[in-house]
Amino acid sequence: MALTFMYITNNPQVALIAEKYGVERIWVDLESLGKDQRQKGMNTVKSKHRVEDIRRIAPLLSKAEMLVRINPWNPKSEREIEQVISAGADRIMLPMWKSADEVENFLSSIEGKAKNVLLLETREAEECLEEVLALKGIDEIHIGLNDLSLSYGLPFMFELLSNGTVERICRTIKAQSRIPYGFGGIARIGEGMLSSEKIIMEHYRLGSTRVILSRSFCNTDTLQDISEIEAIFCENIMKLRKFEREVAAIANPPAFHNNKKEIADRIQRLQNNVLALI
């Protein structure tokens, strides 16, 4: 098993670099409805991508898929889905769904013209997950840690890993379906508030096969030199894949158990540091 990497960009040059070094999904992000209010004050990406970005990038891709996150389900969703399919989307992601009816409407609107991804990031989504999994035609599910932690009133998104929420959701999906699933994002090897090495081991322990390369993996908002961006992808995708191979070779229940405990301990320390500043 190797993780499928996803990277968010509307820059054609960056998209081609990501594809060149093995990123399987180039992600154009159209979601805007309600996002500023939900994530007010958080250091998260507020995308300004447009449908035109799909038209510019999709024809350039030879191996990677064009993944497009649309807005949460609303009266204009069917029209938005038509637009992104026409522009060249290979996969369409529905965020912030809260009911099986919303998911069913989403699936019906695509009508097999593109593959679909359900972004599970609300408490209500977990509560109706078994009902959703009974629907036919779901291609993939991704667990979004930022908004899901907000939905549960948690101050720190990685608490979803230590309190069992992500594991519970993964087990539900695995028990009731063969739908592939993933969660969250990772930084470069050796970096991140919670190191990418520990998160990758959790992916392998939980049977997850998809992950986002986070903004901190390569923050193109602060990098202007395209050669520097290419060097980052070249070096760090290779390091991630090397570590994956190591995990696959040595992974066993005791190693996974120890990693899970280390994650919980690290998250507790981070939470204590935050509380000390309040």
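Note: the structure precedes this text.
Residues numbered from 1 in each chain as written. Predicted model: local features only at pLDDT ≥ 70, side-chain atom pairs only at ≥ 80, totals over all residues. Heavy atoms only, no water.

(A) Highlighting the pairing of strand 8 (residues 210-213). Alternating residues of strand 8 divide into Arg 210 and Ile 212 and Val 211 and Leu 213, and every residue in both groups is buried. Where strand 1 (residues 4-8) and strand 8 come together, three bridges link them in parallel fashion. Note that in strand 8 the partner of Met 6 across the bridge is Ile 212. Summarising the sheet, strand 7 (residues 181-186) and strand 8 pair through three bridges and their orientation is parallel. Directly across from Gly 182, in strand 8, lies its bridge partner Arg 210. Taken together, strand 7, helix 11 (residues 196-206) and strand 8 form a β-α-β motif whose crossover is right-handed. (Buried < 20%, exposed > 50% of the residue type's maximum accessible area, 1.4 Å probe, protein only. Helix = DSSP H or I, 4+ residues; strand = E, 2+ residues; numbered from the N terminus. Pairing = 2+ DSSP bridges. Right-handed = clockwise from strand over helix to strand, strands pointing away.)

(B) Main features of the side chain of Thr 9. Looking at the secondary structure, you find Thr 9 in the loop between strand 1 and helix 1 (12-20). Of the polar contacts made by the side chain of Thr 9, one reaches the backbone nitrogen of Asn 11; its length is 3.1 Å. Those residues in contact with Thr 9 that sit more than four places away from it in its chain are Val 14, Ala 15, Ile 26, Trp 27, Val 28, His 49 and Ile 57. (Polar contact = N/O pair within 3.5 Å; in protein donor to acceptor, adjacent residues only side chain to side chain. Contact = heavy atoms within 4.5 Å.)

(C) Structural detail: the sheet that holds strand 7. The strand order 1-2-3-4-5-6-7-8 describes a closed barrel built from eight strands, whose pairing is parallel. With strand direction ignored, the average angle separating the axes of adjacent strands in the sheet is 30°. With four bridges connecting them, strand 4 (residues 91-94) and strand 5 (residues 115-120) associate as parallel partners. Bridging across to strand 5, Ile 92 finds its partner in Asn 116. (Axes fitted to C-alpha atoms, helices over the stretch in contact; angles between N-to-C directions.)

(D) A look at the pattern of salt bridges. Under the counting rule described, the total for this entry stands at 24 salt bridges. A salt bridge links Glu 230 to Lys 20; the shortest N-O distance between them is 2.7 Å. Here the residue Glu 230 occupies a position in helix 12 (residues 226-250), and Lys 20 occupies one in helix 1, the gap between them amounting to 210 residues. Look at Glu 230 and you get partly exposed, because its relative accessible area is 24%. Residue Lys 239 pairs with Glu 235 through a salt bridge whose shortest N-O separation is 2.9 Å. Remark: Glu 235 and Lys 239 occur in helix 12; sequence separation between them is four residues, near one turn of the helix. A relative accessible area of 36% means that Lys 239 is categorised as partly exposed. On the basis of relative accessibility, which here comes to 40%, the residue Glu 235 falls in the partly exposed class. One salt-bridge network, held together by shared partners, links Arg 25, Glu 65, Arg 91, Glu 140 and Arg 210. (Salt bridge = Lys/Arg side-chain N within 4 Å of Asp/Glu carboxyl O.)

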